[in-house]
Amino acid sequence: QELMAAEAKPSAPRLSRYERHVQPCLAELLGTALFIFTGCLAALDEPGGTGRLQPALAHGLALAATAAVLGDI
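Being a predicted model, the structure only gives us computed values, none of them experimental. Within each chain, residues carry numbers counting from 1 in the order of the written sequence. Two thresholds apply to this predicted model, a pLDDT of at least 70 for residue-level local features and 80 or more for giving and counting side-chain atom pairs, whereas whole-chain, interface and lining totals are computed over all residues. With hydrogens and water stripped out, all remaining heavy atoms of the structure feed into the side-chain values.

Participant: Lay out the overall build of the protein chain in plain terms, naming residues and giving numbers.
Facilitator: When its secondary structure is counted, the protein chain shows 3 helices and 0 strands. For accessible areas, the Shrake-Rupley method is used with a probe of radius 1.4 Å. Any residue's cover is judged against the shown protein chains and nothing else. On the protein chain, roughly 6600 Å² of surface is accessible, and the fraction owed to carbon and sulfur atoms is 67%. Think of it this way: any DSSP run of H or I at least four residues long counts as a helix, any run of E at least two long counts as a strand, and we number them from the N terminus.

Participant: Describe a nonpolar patch on the surface, naming the residues involved and giving the relevant values.
Facilitator: Taken together, Tyr 18, Val 22, Leu 26 and Leu 29 make up a surface patch of nonpolar side chains, about 370 Å² in accessible area. Within the secondary structure, Val 22 sits in helix 2 (residues 17–44). A residue is classified by how much of its surface remains accessible, and Val 22, at 37% relative accessible area, is partly exposed. A residue counts toward a patch only above 30% relative accessible area and without a salt bridge, and it is joined to like-charged neighbours within 9 Å or, for Val, Leu, Ile, Met, Phe, Trp and Tyr, to nonpolar neighbours within 5 Å. For this document, the term salt bridge refers to a Lys or Arg side-chain nitrogen within 4 Å of an Asp or Glu carboxyl oxygen. Relative accessibility decides the category of a residue: with a 1.4 Å probe and only protein chains considered, values under 20% of the type maximum give buried, values over 50% give exposed, and everything between is partly exposed.

Participant: Before we move on, can you summarise the packing of helix 2 against helix 3 (residues 53–70) with the specific residues and values?
Facilitator: Following both chains from N to C, one finds helix 2 and helix 3 inclined at 150°, their axes separated by 8 Å at the closest point. As the angle between them shows, helix 2 and helix 3 are arranged roughly antiparallel. Seen from above, helix 2 lies across helix 3 with right-handed handedness. Seen from helix 2, the contacting residues are Leu 34, Phe 35, Thr 38, Gly 39, Ala 42 and Ala 43; seen from helix 3, they are Gln 54, Pro 55, Ala 58, His 59, Ala 62, Leu 63 and Thr 66. A breakdown of the residues in the contact of helix 2 with helix 3 according to their chemical character gives 8 nonpolar, 5 polar and no charged. A fitted line through C-alpha atoms serves as each axis, taken over the contacting stretch for helices, and the angle formed by two N-to-C directions is quoted from 0 to 180°. In this scheme, roughly parallel covers angles under 35 degrees and roughly antiparallel covers those over 145, while 65 to 115 is roughly perpendicular and the rest are oblique. By definition, any crossing whose near helix is turned counterclockwise from its far helix by less than a right angle is left-handed, and any crossing with a clockwise turn is right-handed. Residue contacts are defined here by distance: any two heavy atoms, one from each residue, within 4.5 Å place the two residues in contact. Residues were grouped as follows: Ala, Val, Leu, Ile, Met, Phe, Trp, Tyr, Cys and Pro as nonpolar; Asp, Glu, Lys and Arg as charged; and all remaining residues, including Gly, as polar.

Participant: Describe in detail the confidence of the model for the protein chain, supporting the description with residues and values.
Facilitator: pLDDT gives the predictor's per-residue confidence on a scale running from 0 to 100. Across the protein chain, pLDDT averages 75, with 74% of residues at or above 70. The element-level mean pLDDT for the protein chain is lowest in helix 1 (residues 2–7), coming to 55, with helix 2 highest at 81.

Spelled out as structure tokens, the structure:
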């Protein structure tokens, strides 16, 4: 009996309301704002011949930069 109690894994700490609800919503808001901002800026200045390539590259580079900077979080 005592051996089984010693082998039991400790439970994970309970997250606060901020960490469960507010923090994920803020992350979604900032991520969405980043992609909308970069997409609109890429589509505004359209030099001849780029077409759909420029907004696609802007979104891809923004995603790559975000993953590289915030990948460990």
